[in-house]
Amino acid sequence: MIQDSQQQAYDRAITIFSPDGRLYQVEYAREAVKRGTASVGVRASDGVVLGAYKRVPNELMEAENVEKIFQIDEHIGAASAGHVTDARKLIDILRREAQVNRASYQEPIGTETVVRRLCDEMQKYTQQGGVRPFGVSVIVGGIENGEPRVFETDPSGSFYEWRATAIGENSAEIRENFEANYEEDIPTDEAVALAYEAVEESNDDITPESFEVAVVETDDECFTELSADEVRELVE
Amino acid sequence: MIQDSQQQAYDRAITIFSPDGRLYQVEYAREAVKRGTASVGVRASDGVVLGAYKRVPNELMEAENVEKIFQIDEHIGAASAGHVTDARKLIDILRREAQVNRASYQEPIGTETVVRRLCDEMQKYTQQGGVRPFGVSVIVGGIENGEPRVFETDPSGSFYEWRATAIGENSAEIRENFEANYEEDIPTDEAVALAYEAVEESNDDITPESFEVAVVETDDECFTELSADEVRELVE
Amino acid sequence: MIQDSQQQAYDRAITIFSPDGRLYQVEYAREAVKRGTASVGVRASDGVVLGAYKRVPNELMEAENVEKIFQIDEHIGAASAGHVTDARKLIDILRREAQVNRASYQEPIGTETVVRRLCDEMQKYTQQGGVRPFGVSVIVGGIENGEPRVFETDPSGSFYEWRATAIGENSAEIRENFEANYEEDIPTDEAVALAYEAVEESNDDITPESFEVAVVETDDECFTELSADEVRELVE
Amino acid sequence: MIQDSQQQAYDRAITIFSPDGRLYQVEYAREAVKRGTASVGVRASDGVVLGAYKRVPNELMEAENVEKIFQIDEHIGAASAGHVTDARKLIDILRREAQVNRASYQEPIGTETVVRRLCDEMQKYTQQGGVRPFGVSVIVGGIENGEPRVFETDPSGSFYEWRATAIGENSAEIRENFEANYEEDIPTDEAVALAYEAVEESNDDITPESFEVAVVETDDECFTELSADEVRELVE
Amino acid sequence: MIQDSQQQAYDRAITIFSPDGRLYQVEYAREAVKRGTASVGVRASDGVVLGAYKRVPNELMEAENVEKIFQIDEHIGAASAGHVTDARKLIDILRREAQVNRASYQEPIGTETVVRRLCDEMQKYTQQGGVRPFGVSVIVGGIENGEPRVFETDPSGSFYEWRATAIGENSAEIRENFEANYEEDIPTDEAVALAYEAVEESNDDITPESFEVAVVETDDECFTELSADEVRELVE
Amino acid sequence: MIQDSQQQAYDRAITIFSPDGRLYQVEYAREAVKRGTASVGVRASDGVVLGAYKRVPNELMEAENVEKIFQIDEHIGAASAGHVTDARKLIDILRREAQVNRASYQEPIGTETVVRRLCDEMQKYTQQGGVRPFGVSVIVGGIENGEPRVFETDPSGSFYEWRATAIGENSAEIRENFEANYEEDIPTDEAVALAYEAVEESNDDITPESFEVAVVETDDECFTELSADEVRELVE
Amino acid sequence: MIQDSQQQAYDRAITIFSPDGRLYQVEYAREAVKRGTASVGVRASDGVVLGAYKRVPNELMEAENVEKIFQIDEHIGAASAGHVTDARKLIDILRREAQVNRASYQEPIGTETVVRRLCDEMQKYTQQGGVRPFGVSVIVGGIENGEPRVFETDPSGSFYEWRATAIGENSAEIRENFEANYEEDIPTDEAVALAYEAVEESNDDITPESFEVAVVETDDECFTELSADEVRELVE
């Protein structure tokens with residue numbers, strides 16, 4: 001990354017604008033996201049698919065405990081890329097929010113409500129001094145009013161709704177793959193394969209064991225993590 | 001942007017004046033606004049029109065969820081340009097303010113009251129240390145005492161009332177177009193077309209799908225978002 | 001503005017003295033005042049006159065809502081030059097102070113009391129770290145014990161009583177005009193014309209529409225804003 | 001003022017010592033005092049005299065409202081030089097202190113007690129970060145146990161008792177004049193003339209109108225401001 | 001360690017990202033861990049083994065009191081590398097957490113729950129200003145639902161589950177040794193020897209006296225520290 | 001004072017150590033003490049003597065009010081050198097402490113207890129950010145259990161008990177004089193002369209009027225300030 | 001001490017790591033300890049011995065009040081090297097802790113418990129901003145369960161148990177002497193002589209008067225300071 005001395009003047013303090021109106025700390029947090037392995041989200045016709053590529057550097061490490069996919073509520077999950085400790089802090093807030101919603105209103109929290117709450121929290125860390133932005137992006141997927149929905153958030157606290165998206169390493173290439181191959185009426189099963197293949201294209205060493213998958217289907221609205229065997233069956 | 005070393009000395013701390021009495025951080029926040037796609041507001045004879053151009057970078061993204069137009073109360077809306085996360089934080093404050101007003105006084109909040117509250121909040125972030133100014137401008141449009149009113153605010157917390165105005169990318173060109181074509185007795189329907197054409201002149205790739213429109217008319221005082229089809233019908 | 005490197009060393013932190021005992025941030029805030037269009041105050045034999053020149057950069061802007069003249073209480077008004085958002089924050093404090101005075105003592109607040117309260121607030125922002133001085137000067141005019149009084153305040157929190165004064169752009173020239181033409185026994189009507197002409201001399205493009213005028217007369221002690229027509233009649 | 005680069009290293013932060021044990025910010029605040037017009041205090045045989053030279057830069061300004069002499073309690077007054085807004089903040093504290101003393105002990109506050117309270121307040125602003133010292137010196141004069149007393153304070157929070165002293169512009173020359181001409185048994189009337197003449201020697205343009213005088217005599221212990229005519233009579 | 005001037009710009013403040021998205025302070029804290037002598041954790045078929053190499057620089061020092069292995073609850077232990085004072089602060093928090101769990105739920109705390117609590121605490125010190133990250137890594141080993149589990153945490157607040165892992169000096173070499181020699185069905189007794197030999201390979205001066213060992217077996221779920229004699233017997 | 005650039009790096013922040021383990025701000029505060037005129041304390045066989053040289057720069061100044069000697073309780077006094085405003089702040093704390101002790105325990109406070117309380121307060125200002133050390137040294141002298149005691153404190157919060165000591169300007173020379181001339185069985189009267197002569201040797205312009213003396217004798221344990229005449233009688 | 005410019009970059013802020021994982025401020029605090037005169041602790045067969053060399057720079061100073069050895073509870077003492085004011089602050093905390101322990105549990109506090117509490121306090125000052133580490137090391141010696149124990153702590157908050165140790169000036173040489181001459185079964189009386197001789201070897205000017213000694217024996221568990229005569233008898 002090339003940078004000149006003028007840029008340096010504006011990127012050290014967290015909460016100030018550069019002369020051209022940019023917030024460098026937020027942009028650098030996005031770089032932290034790009035350093036993490038990829039995660040993807042796909043909206044299928046009958047559910048949502050969340051996938052996360054987990055690079056396991058050592059055979060003695062237990063891959064199952066590398067956390068990149070999180071359950072937020074029965075019907076909502078999330079996949080992160082970037083600093084996993086930052087992700088955990090955010091997910092804890094969302095889980096409490098979901099519980100409070102069930103206790104207060106006797107109904108499940110909306111997927112978009114979860115996303116907005118997540119982004120409010122992230123925005124706070126971009127406008128105050130003495131803290132840094134969160135170094136993580138999160139894909140939130142869930143069923144809302146019977147419809148599957150997939151959102152992507154980033155360190156600035158922005159969010160967008162997607163049919164299929166990717167965050168982290170090689171996310172641009174993965175999204176291009178989705179643009180070429182995604183179809184609106186894709187069923188959940190095929191969406192798992194689509195997700196796997198899109199990540200595989202730019203990460204040769206992916207295996208079903210290193211690709212964590214969770215699905216929430218519209219019929220049971222129930223967050224379900226697939227086993228490595230189930231993933232293997234779907235992607236081969 | 002060319003700048004000399006003297007300017008650099010005064011633009012790093014948030015709340016200090018330069019020798020010529022300028023607040024550089026506020027001016028840089030205005031640059032952040034200019035980096036956002038344009039939004040417009042037009043006061044018609046029988047209502048107000050808010051329009052926002054939304055550039056959708058990827059066909060898999062759901063444009064509807066790119067937020068630039070917000071409902072504040074039944075009879076008041078807003079269109080933003082710049083950091084949308086900053087805008088959301090401000091809009092949340094205004095919505096609560098409107099609810100409190102209804103609860104306390106059993107009447108809808110005034111449009112100008114909303115604008116003043118918005119600017120008080122923005123001003124705070126220009127005079128204290130440890131925070132940055134909001135990186136967003138907001139056009140507020142509503143019906144007050146049966147009359148349509150349109151206001152523009154900026155990161156310094158200033159506001160002005162306009163007959164037709166624009167914020168964000170190419171806002172100067174769009175305003176020139178309004179100066180040439182705006183007429184005092186323009187009805188709401190034609191104001192939508194005027195707004196679309198003014199933005200279109202400096203953004204060739206605009207389409208009815210990428211131009212979000214909301215209208216508040218004087219007869220029902222009811223914030224209404226138009227569908228892409230309704231927009232298309234009005235602008236062709 | 002020419003400055004040497006030694007001055008730079010003392011003007012970046014808000015609350016420190018330079019070796020020659022100056023507070024540069026306060027002086028730079030005065031520069032911010034000079035960047036604003038002029039406001040004037042004239043003590044007439046039978047009332048006070050407040051005037052403010054409002055440059056309207058665009059014909060689609062509603063000039064009435066450009067705020068430079070404020071009512072503080074029934075019998076007291078103010079005219080500002082500089083950052084209008086800073087002025088609004090101060091005026092809000094003064095209005096509350098005036099209401100509290102009526103509630104507590106069943107009598108109108110004194111004009112000088114208002115001025116002292118205003119200056120206490122401004123001084124605070126020149127002695128603490130983490131804030132900047134207010135970037136605005138305010139002329140306060142009112143009737144106290146049946147007598148018209150006009151005060152000028154500045155960002156340091158200083159105040160002076162005047163017979164006729166000006167703040168903002170070209171204020172030195174306007175004051176010279178007052179020195180040449182002001183007479184002690186001038187009635188309110190003529191004082192409006194005097195004010196207009198003094199500002200006009202250094203701002204060719206002034207018109208009765210762009211010169212906001214408010215008057216408080218001794219007989220009714222009632223803050224009254226003149227219409228553009230009323231102004232035109234008095235100045236021609 | 002000549003200074004070398006080593007001094008610069010120690011005068012920017014408020015509360016730190018230089019290698020030779022000096023507090024530069026306090027010394028610079030003393031420079032701010034020297035920039036203000038002179039004030040004097042004289043202990044006469046039958047009372048105290050406070051005098052303040054007020055330079056009125058413009059004939060339209062009302063000199064009476066340029067505050068340099070303050071009443072603290074019935075029997076105690078003060079004269080300031082330097083930042084008048086800083087002086088006002090301190091005087092407000094002393095007035096409250098005097099009222100509290102009367103309410104708590106049913107007796108007037110002692111002059112030295114007032115001075116100590118004043119200096120405690122000033123010292124605080126020399127030892128904490130985030131604030132600047134007060135940019136003002138204050139002469140306090142009053143009757144205590146039937147005896148006239150005159151004290152001088154400075155921005156460090158030091159105080160000294162004097163028979164005749166001066167602060168502000170040309171204070172050294174004025175004090176020399178006192179040393180040559182002051183006599184222990186001078187009555188109050190002659191002390192006013194002594195004060196006027198001492199200031200006049202280094203400020204040619206002084207007039208009885210621009211020299212504010214207050215007197216507290218031992219017989220009635222009552223703070224009294226003299227009119228310009230009364231001053232003229234005594235000094236001619 | 002080679003570094004260029006650009007890196008220096010981003011590693012002095014605690015909570016900011018470098019342009020490539022790294023948190024240098026966290027990386028330097030990892031260097032502090034590497035400066036500490038090695039600790040290891042091994043998951044055996046019937047328990048967990050924690051080992052810590054303690055270099056005793058002086059024969060008059062009592063090695064027993066060099067703390068690197070800690071009991072957290074009856075069934076959970078920890079081994080640290082890096083700043084032992086930082087480790088103690090964290091362990092105190094975990095012990096209280098374990099006690100609270102027993103008091104609240106009448107059951108032992110889960111090993112993974114302990115690890116998550118530990119990492120939450122560590123993450124806090126990477127996102128706030130005014131503090132530094134913890135300069136320590138901790139291996140946590142315990143029995144959960146009858147199964148042995150071993151986790152490694154680091155200053156960023158990340159954690160991973162391992163079959164056999166090492167932290168501190170030469171940890172990479174020790175892990176390579178584990179990769180070559182670890183077998184899934186290794187009993188606790190042999191795991192002690194495995195751990196000793198792995199550390200010994202890169203630290204010639206290790207002796208049974210300088211290698212502290214604690215074991216938690218699945219049959220009694222009881223944290224037990226081995227004596228130097230017991231260690232000697234197992235490793236020879 | 002010569003200093004190199006390396007030293008400069010460590011003396012600007014209050015609470016940090018230099019590489020060789022020094023606290024420069026504390027050392028500079030000691031320089032502030034050396035800039036003040038000397039004070040001395042002598043333990044006589046039948047009491048303690050406190051002396052302070054007061055340079056009166058102007059004959060119109062009332063020397064009596066230059067405070068360098070303070071009564072803390074009936075039986076304890078203090079003499080300061082350095083910033084007198086800092087001394088006053090500390091003495092106020094000690095006086096309250098002494099009163100509280102009498103109220104709580106119905107007995108006079110111990111001299112050493114006063115000294116420890118004084119040093120605790122001074123230490124606080126050497127370990128926290130945002131404040132500077134006290135720029136003053138204080139000699140405390142009193143009668144404890146019938147015995148005279150004299151302590152010296154310094155800006156670091158250290159204290160030492162002395163038979164005869166000096167602080168401020170020329171303190172090293174004065175102490176040498178004490179070493180040559182002090183005798184254990186010196187009575188209070190002669191100790192006053194000893195103190196005067198020791199200070200006189202390095203300050204030619206000292207007179208009995210400018211040397212303030214207070215004595216606490218063992219027989220009445222009563223702090224007594226001597227008049228200039230009493231001092232003159234003892235020193236001639 | 002030689003240092004390069006890279007080191008300078010990391011040693012000015014208190015709580016940050018250098019690229020190689022060091023905390024420079026803690027290391028500099030250790031330098032402050034080395035600047036203090038030596039203290040030693042020896043575990044004898046029947047008690048503990050604490051010794052402190054006190055350099056008395058002036059014969060008029062009372063050496064007894066130079067504090068380096070402190071009683072913490074009846075059965076526990078401490079010897080410090082470095083900033084004595086910092087030591088006093090820590091000792092005060094430990095004394096209160098010991099009293100609270102007796103009041104809460106009706107039993108004397110453990111020596112190791114005291115040491116842990118001491119180190120927790122010291123660690124706090126190494127991880128937070130706005131404070132500096134304690135510039136002192138403390139040897140704690142006491143009887144616990146009938147056994148003598150000696151611990152050494154340092155500014156990082158680390159502690160080690162020793163048979164014989166030294167802190168402060170020449171501590172390395174003194175420890176080498178202990179390594180050569182210490183024997184496990186040394187009785188308390190001989191341990192005093194051992195301590196004295198070890199310090200004497202690197203400090204020629206030591207005398208029994210300048211070597212403060214305290215002993216806690218196992219039979220009475222009672223902290224006892226030896227007189228200079230008692231010390232002389234033991235060391236000759």
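Coordinates for the structure precede this section.
All values derive from a computational prediction rather than experimental measurement. (Residues numbered from 1 in each chain as written. Chains lettered and ligands numbered in written order. Predicted model: local features only at pLDDT ≥ 70, side-chain atom pairs only at ≥ 80, totals over all residues. Heavy atoms only, no water.)

(A) Region of the structure containing the side chain of N58(C). Following the sequence through the fold, N58(C) ends up in the loop between β2 (47-53) and β3 (61-62). Judged by its relative accessible area of 8%, N58(C) falls in the buried class. With near-sequence residues (within four places) excluded, N58(C) lies in contact with W162(B), R175(B) and E179(B). (Helix = DSSP H or I, 4+ residues; strand = E, 2+ residues; numbered from the N terminus. Buried < 20%, exposed > 50% of the residue type's maximum accessible area, 1.4 Å probe, protein only. Contact = heavy atoms within 4.5 Å.)

(B) Quick look at the interface of chain D and chain F. The partner chain F presents 34 residues to the 37 residues of chain D that form the contact. Both sides of the chain D and chain F interface together cover about 3100 Å² of buried area, and 49% of this is carbon and sulfur. The interface formed by chain D and chain F contains four salt bridges. Here chain D is connected to chain F by 14 residue pairs in polar contact (both at pLDDT 80 or more). (Buried area = accessible area lost by both parts, 1.4 Å probe. Salt bridge = Lys/Arg side-chain N within 4 Å of Asp/Glu carboxyl O. Polar contact = N/O pair within 3.5 Å; in protein donor to acceptor, adjacent residues only side chain to side chain.)

(C) Fine view of a negative patch on the surface. On the surface, E59(A), E173(E), E176(E), E179(E), E197(E), E200(E), E201(E), D204(E) and D205(E) cluster together to form a negatively charged patch. Within the residue set of the negative patch, elements represented by two or more residues are α5 (171-181) and α6 (188-202) of chain E. Mapped onto the fold, E200(E) is located in helix α6. On the basis of relative accessible area, E200(E) is assigned to the partly exposed category, the value being 32%. (Patch = residues over 30% accessible without salt bridge, like charges linked within 9 Å, V, L, I, M, F, W, Y side chains within 5 Å. Areas by Shrake-Rupley, 256 points an atom, 1.4 Å probe, with all protein chains shown as cover. Lys, Arg positive; Asp, Glu negative; His and termini not counted. Charge placed at Lys NZ, Arg CZ, Asp CG, Glu CD.)

(D) Inspection of the sheet that holds strand β1 (residues 39-44) of chain F at higher detail. All names here are of chain F. Strands sit in the order β9-β1-β2-β10-β11 across an open sheet of five strands; the sheet is antiparallel. Edge positions in the sheet fall to β9 (164-167) and β11 (223-225), since each has one partner strand and no second. Neighbour-to-neighbour, the strand axes of this sheet turn through a mean angle of 15°, independent of strand direction. Looking at chain direction, β1 and β9 are connected through four bridges and run antiparallel. Opposite S39, over in β9, you have I167 as the bridge partner. (Pairing = 2+ DSSP bridges. Axes fitted to C-alpha atoms, helices over the stretch in contact; angles between N-to-C directions.)

(E) Representation of unusual backbone geometry in the model. With a phi close to 55°, Q106(C) is a non-glycine residue in the positive phi region. Of note in the backbone geometry, N145(E) takes a positive phi value of approximately 55° without being a glycine. Tracing the sequence through the fold places N145(E) in the loop between β6 (136-144) and β7 (147-153). A relative accessible area of 76% means that N145(E) is categorised as exposed.

(F) The arrangement of α6(E) in detail. Residue and element names in this part refer to chain E. Look at α6: 22 Å from first C-alpha to last across 15 residues, which is about the 21 Å you get at 1.5 Å a residue. Residues of α6 that are buried: T188, A191, V192, A193, L194, A195, Y196, A198 and V199. Packed against the buried residues of α6 are β1 (39-44), β2 (47-53), α5, β10 (211-217) and α7 (228-235). (Expected span 1.5 Å × (residues − 1).)

(G) The pairing of strand β10 (residues 211-217) of chain G, seen in detail. All names here are of chain G. A large share of β10 lies buried, amounting to six of its seven residues. Two strands pair when backbone bridges link them, and strand β2 (residues 47-53) and β10 are joined in this way by seven bridges, in the antiparallel orientation. Of the residues in β10, the one forming a bridge with V48 is V216. Both β10 and strand β11 (residues 223-225) contribute to a ladder of three bridges, which runs antiparallel. Looking at the pairing, V215 lines up with T224 of β11. Linking β10 back to β11 in an antiparallel pair, the connection comprises five residues, with E221 at a positive phi of about 45°.

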